[in-house]
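# Fold and geometry: a report
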Amino acid sequence: MSPETTAPRSLAEALRARDDASLSALLRSRPDLITPVPTDLTQLATRAGTRASVVRALERLDRFTLQTAEALAVAPEPATYDELLGLLAGDDGDPTVTAAFPHALGTLREQALLWGGDDRLRLVRTARELLAPSPQHPSPTGLGPTVGEATAGMSPGRIQEIVAAAGLTSTHDSVSAVASLSALFSDRSRMSSLLDEAPAEAVEVLSRLVWGPPYGQVTAEPAAHLRWLIGRGLLLPTGPGTVVLPREVALHLRAGRAHRVTEPVAPAVEAAKPHRPQVVDAAAAGQAYTTLATVEELLKDWHEGGPAVLRAGGLSVRDLKRTAVALDVSEPIAAFWVELAYGAGLLATDGEAEERYAATPAYDAWLELPAAERWARLASAWLAATRTAGLVGGRDAKDRTLSALGPGLDRSAAPEVRHRVLALLAELPEGASPATDSLLARLYWERPSRSARPAPDDLRARLAHWTLAESELLGVTGRGALSAQGRALLGLPSTAGTEGAEPSGPGDKLPAHKRHHPVTAPVPHSPAERAAATVRAAGLLAPLLPEPLDHVLLQADLTAVAPGPLERPLADTLGVLADIESKGGATVYRFTPGSVRRALDAGRSASDLHAFLAAHSRTPVPQPLAYLIDDMARRHGHLRIGAASAYVRCDDEAVLNEILADKRSQEFGLRRIAPTVLAAQSDPAGLLTGLRSMGFAPAAESAEGDVLISRAHARRTPPRTAPEPVPDGPPVPDATLLGAAVRAIRAGDLASTAPRKEDPAAGRPVDGGLPRTSSAETLATMQAAVMTGEAVWIGYVNAEGAASQRVIAPIRVEGGFVTAYDHTADEVRTYPLHRITGVAELADDQP
């Protein structure tokens, strides 16, 4: 590496030397820097050095790049390329570290966390403050302060005593004494000779402090071996009873390494179990079909209005348990299905005074789509959602329980982790499921925390576990391996026809020392890209889903077997006529008096039911089922109930006598008001239910005496949009925005740095302030610039009173306005002359 010919003196100068492609890369990797667009490169550099932006950038570095930044924070400032490499590769010069180092250094430079030539490398000041060791904030390297930092404030006499005890020549001042002591500790040969004289107990003390923390406690009367260390400066006092191991001593004991374990290569994700790709796709398709059936069952269960919304928002624990029982799943899985329907916009609150959950109009449109497209809509909504069902049942920062559909479930990192987990699965051999531990280790390497190892409750690790479980539930994976439709959902090319080939991960064909950078899958960002990925995933899934059937198999035990998914009209009608007894590959329906009565209440006649069963059964209609339908139809509506509060009407007086004689009817307060009419104190609905429980088959009637047809009321919310994901900071800008931002920053930088001709007598400042000239001089200068075609520098105050400076090339001056090409805005603009504070000429070499 050779140093740059002209060393920059600041980060702003380093950014000014970059080309447009490099600036675009910076803004793409740190999108918070263009929110809003900086006025010039000086402002961009200032923003890149703010604490919030630097912390955000550091959190997105991989393990080795972060270790490089940590090593630079404990290196001399400025450091050279070789000094920094030595801290990472050690005295023995690890070749893997040496190969990975240029990329890590380039990443830090690209993200404006580091600037300067290879002979003068500097961390941004804020990054150095965050990563450098201090007693309050120990460095991740475990290193302590330098000799110079540790001896600051120490008396000159004490420093001279340490120098003498270490076998060095006394000096005339403390600065040179500290320098000679630092030189001793940094010299490998001389330091080894000094430690050869150390007592064994002293070496043991150093070995306990060498990898950190570097601070230790001593008594007022330390032991002899501790006095030996303190006397020679190998341990330096930092306060009463506290000593520290100087950084130079620790680096010698570590053989020059800043980190105990340097990790230049991303750990490989290991395959746990191989499967044939066809088996994976088939298993995923089966689970995809279960996903559709479960979501439909959930919303059918909430068809007439779902559970009430809690005052604080969300679903109560009791309602979640009821939903779990209805879906025959555990509560965490029920929470996932509820959140999935909500995230896809199929479920929302109705907005009524007594607010409840219900299906949205989008649910009806979703039902009309082909099955594969319905699944793709759900899967793409899950992939982009920030709401995290795995948090349900946990506690928030205020120790409140997090409820399904409630607030507090958004985690902005969730979409990124889902994409990354699935992308890592895509790097495995086709059909292979991952070893979970190796997957988590890879994720932690790519986004490490400031700690040496992940905490048990690390959010990214939990999100990864939830992603693996949820993708299996959805059918994005099958048997733990990524399916073909899951690959398409990520926007990855198909691997069809590669069975038995070598592993297809991009990093697998590279030498180990070149695989230090994580291979990332292309994440579809634009709506068009996401829509194309969704369509492609649906196309791959469609052939794997079973075709809907138009028939069932009726059996003599009053059951019907559906050997596969049924066409929607058939399934809806059969769901009214019979009760589902068991689900699975084949669904079993059971006919009961109650289910047949439900069909009759819905307006079906006995002849309709017979015709329906004959048309859709591959077996003859069993005689017991035909008898059941005819018997319920004969009894249905024989009794009529209406409002009195309620009344019972029947042409057969014997039936009314039987009701009055039954003790169970006493609670309804029945009395005869006519030979064929009984009046009741109960409401019609209660009376209807009560008489049915007594074995009768009454029908409700209207005020006109007509039988009321009872149909399921499909409750819908007003039109609702799906919940928007909570972004993890500003979105990544597209190419158009990046190009416009770079042009604006360049133009603003030209205006702020263009040299001006010095003419204080004419009112032109030389200190960077706005120019001040009279109206006549401003007009004359503008007219002259139009004739010569030269650019000028102006001060301008807009209608809101905000002042700015601009570089313009006047084109026309008339009617109190100047029309000019504005280099700052990179466009032609018109300015009122009365808002221009003054004008000044640029230096001769400027545009």
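So, how was this worked out
Residues numbered from 1 in each chain as written. Predicted model: local features only at pLDDT ≥ 70, side-chain atom pairs only at ≥ 80, totals over all residues. Heavy atoms only, no water. Helix = DSSP H or I, 4+ residues; strand = E, 2+ residues; numbered from the N terminus. Buried < 20%, exposed > 50% of the residue type's maximum accessible area, 1.4 Å probe, protein only. Contact = heavy atoms within 4.5 Å. Areas by Shrake-Rupley, 256 points an atom, 1.4 Å probe, with all protein chains shown as cover. Expected span 1.5 Å × (residues − 1). Axes fitted to C-alpha atoms, helices over the stretch in contact; angles between N-to-C directions. Parallel < 35°, antiparallel > 145°, perpendicular 65-115°, else oblique. Nonpolar A, V, L, I, M, F, W, Y, C, P; charged D, E, K, R; others polar. pLDDT = per-residue confidence, 0-100. Pairing = 2+ DSSP bridges. Phe/Tyr/Trp six-rings, centres within 6.5 Å; stacked < 30°, edge-to-face > 60°. Arc of directions from axis to C-beta. Salt bridge = Lys/Arg side-chain N within 4 Å of Asp/Glu carboxyl O.

## Thoughts on the overall build of the chain
The helix and strand inventory of the chain stands at 33 helices and 25 strands. Residue burial in the chain is summarised as follows: out of 847 residues, 47% are buried. Of all intrachain contacts in the chain linking residues separated by at least 6 positions in sequence, the fraction that spans at least 24 positions is 67%. When the accessible area of the chain is evaluated, it comes to approximately 40,100 Å², of which 54% is carbon and sulfur surface.

## Some points on the environment of A284
Along the chain, the position of A284 falls in helix α16 (residues 277-301). Taking the relative accessible area as the measure of exposure, A284 reaches 0% and is therefore buried. Counting along the chain gives 194 residues from A284 to G478, while the straight-line C-alpha distance between them is 4.2 Å. If sequence neighbours within four positions are ignored, A284 has contacts with G475, T477, G478, S483 and Q485.

## With respect to helix α18 (residues 331-343)
Taking 1.5 Å per residue as the helical rise, α18 with its 13 residues ought to reach 18 Å, and the 18 Å between its terminal C-alpha atoms agrees with that figure. Within α18 the residues assigned to the buried category are A334, A335, F336, W337, V338, E339, L340 and A341. Of the surrounding elements, those touching the buried residues of α18 are α16, α17 (317-327), β7 (347-349), α20 (371-384) and α23 (459-474). Taken from the residues just after α18, G345 is the one with a positive phi, measuring 80°.

## A few points about the packing of α16 against α18
One can describe the packing of α16 onto α18 by two numbers: an axis separation of 10 Å at closest approach and a directional angle of 85°. Relative to α18, the element α16 is oriented roughly perpendicular. Counting all contacts with α16, which are made through T291, T294, V295 and L298, the residues of α18 involved are W337, V338, L340 and A341. A per-class count over the contact of α16 with α18 returns six nonpolar, two polar and no charged.

## Quick word on the confidence of the model for the chain
In this model, the chain carries an average pLDDT of 85, and 90% of its residues clear a pLDDT of 70 or more. Mean pLDDT values over the elements of the chain span from 70, in strand β16 (residues 640-642), up to 96, in α18. Low pLDDT, under 50, characterises residues 496-522; the stretch is placed with 48 contacts to residues that sit more than four places away or in other chains. Within the model, pLDDT remains below 50 along residues 760-767, and this stretch shows 16 contacts once partners closer than five positions in the same chain are excluded.

## Remarks on the pairing of strand β13 (residues 559-562)
Burial of β13 is two-sided: the residues T559 and V561 facing one way and the residues A560 and A562 facing the other way are all buried. In this structure, strand β12 (residues 553-555) lies alongside β13, joined through three bridges in antiparallel fashion. Its bridge partner lying in β13, Q555 is registered against T559. The turn joining β12 and β13, which pair antiparallel and follow one another in sequence, is formed by three residues; a positive phi near 60° is taken by L558. Where β13 lies against strand β15 (residues 587-590), four bridges are found, and the strand directions are antiparallel. Paired with A560 across the bridge in β15 is Y589.

## A few points about unusual backbone geometry
In this chain, T35 is followed by P36 through a cis amide linkage whose omega measures -5°. Backbone torsion omega between E77 and P78 reads -5°, so that peptide bond is classified as cis. Here P78 lies in the loop between α5 (63-74) and α6 (81-89). The phi torsion at L405 lies on the positive side, around 65°, for a residue other than glycine. Within the secondary structure layout, L405 lies in the loop between α20 and α21 (414-427). For L405, a relative accessible area of 7% corresponds to the buried category.

## Brief notes about the side chain of H636
Note that H636 resides in the loop between α29 (623-635) and β16. Residue H636 is classed as buried on the basis of its relative accessible area of 17%. The residues contacting H636, other than those within four sequence positions of it, are R597, L600, D601, A697 and A699.

## Describing the sheet that holds strand β3 (residues 215-217)
By way of backbone hydrogen bonds, the strands of a sheet pair with one another, either parallel or antiparallel. In space, the three strands of this open sheet follow the order β3-β5-β4, with antiparallel pairing throughout. Every interior strand has two partners, whereas the edge strands, β3 and β4 (236-239), have only one. Strand-to-strand twist in this sheet, taken as the mean axis angle between neighbours without regard to direction, amounts to 40°. The pairing of β4 with strand β5 (residues 242-244) spans three bridges and is classified as antiparallel. Of the residues in β5, the one forming a bridge with P237 is V243.

## Here we look at the sheet that holds β12
Strand order in the open sheet formed by four strands is β12-β13-β15-β14, with antiparallel pairing between adjacent strands. At either margin of the open sheet sits one strand with a lone partner, and together these are β12 and β14 (579-582). Strand-to-strand, the axes of this sheet are offset by a mean angle of 30°, without reference to chain direction.

## Some thoughts on the packing of aromatic side chains
The relation between two aromatic rings is expressed through the spacing of the ring centres and the mutual angle of the planes. In the structure shown here, the tally under the stated rule is five aromatic pairs. Ring plane angle 70° and centroid distance 4.9 Å describe the contact between Y81 and F101, whose orientation is recorded as edge-to-face. Remark: F101 occurs in helix α7 (residues 95-110) and Y81 occurs in helix α6; sequence separation between them is 20 residues. Owing to a relative accessible area of 13%, Y81 belongs among the buried residues under this scheme. With a centroid separation of 4.8 Å and an interplanar angle of 70°, the aromatic rings of Y796 and Y831 are classed as edge-to-face. Of this pair, Y796 sits in strand β21 (residues 792-797) while Y831 sits in strand β24 (residues 827-832), placing them 35 residues apart in sequence. Using a relative accessible area of 12% as the deciding quantity, one classes Y796 as buried.

## Quick look at the environment of S330
Tracing the backbone through its elements, the reader meets S330 in the loop between α17 and α18. C-alpha of S330 to C-alpha of L320: the two residues are 10 residues apart in sequence and 9.7 Å apart in space.

## As for helix α13 (residues 200-209)
Turning to α13, its buried residues are A202, V205, L206 and L209. The buried side chains of α13 occupy one side of the element, clustering within an arc of 95° when seen end-on. Residues of α13 that are exposed and point more than 90 degrees away from the buried face comprise A200 and R208. On its buried side, α13 packs onto α12 (188-196), β3, α14 (224-231) and α15 (247-253).

## A word on the pattern of salt bridges
Oppositely charged side chains can form a pair if their charged atoms are brought close together. Here the structure, examined in full by the defined rule, presents 33 salt bridges. The closest approach of N and O atoms between E204 and R208, which form a salt bridge, is 3.7 Å. One end of the pair is E204 and the other is R208, both in helix α13 and four residues apart, which spans about a single turn. Ionic pairing is found between E701 and R649, a salt bridge with its closest N-O pair at 2.7 Å. Residue E701 is found in the loop between β20 (699-700) and α32 (735-753), and its partner R649 is found in strand β17 (residues 646-649); the two are separated by 52 residues along the sequence. The exposure class of R649 is partly exposed, given its relative accessible area of 29%.

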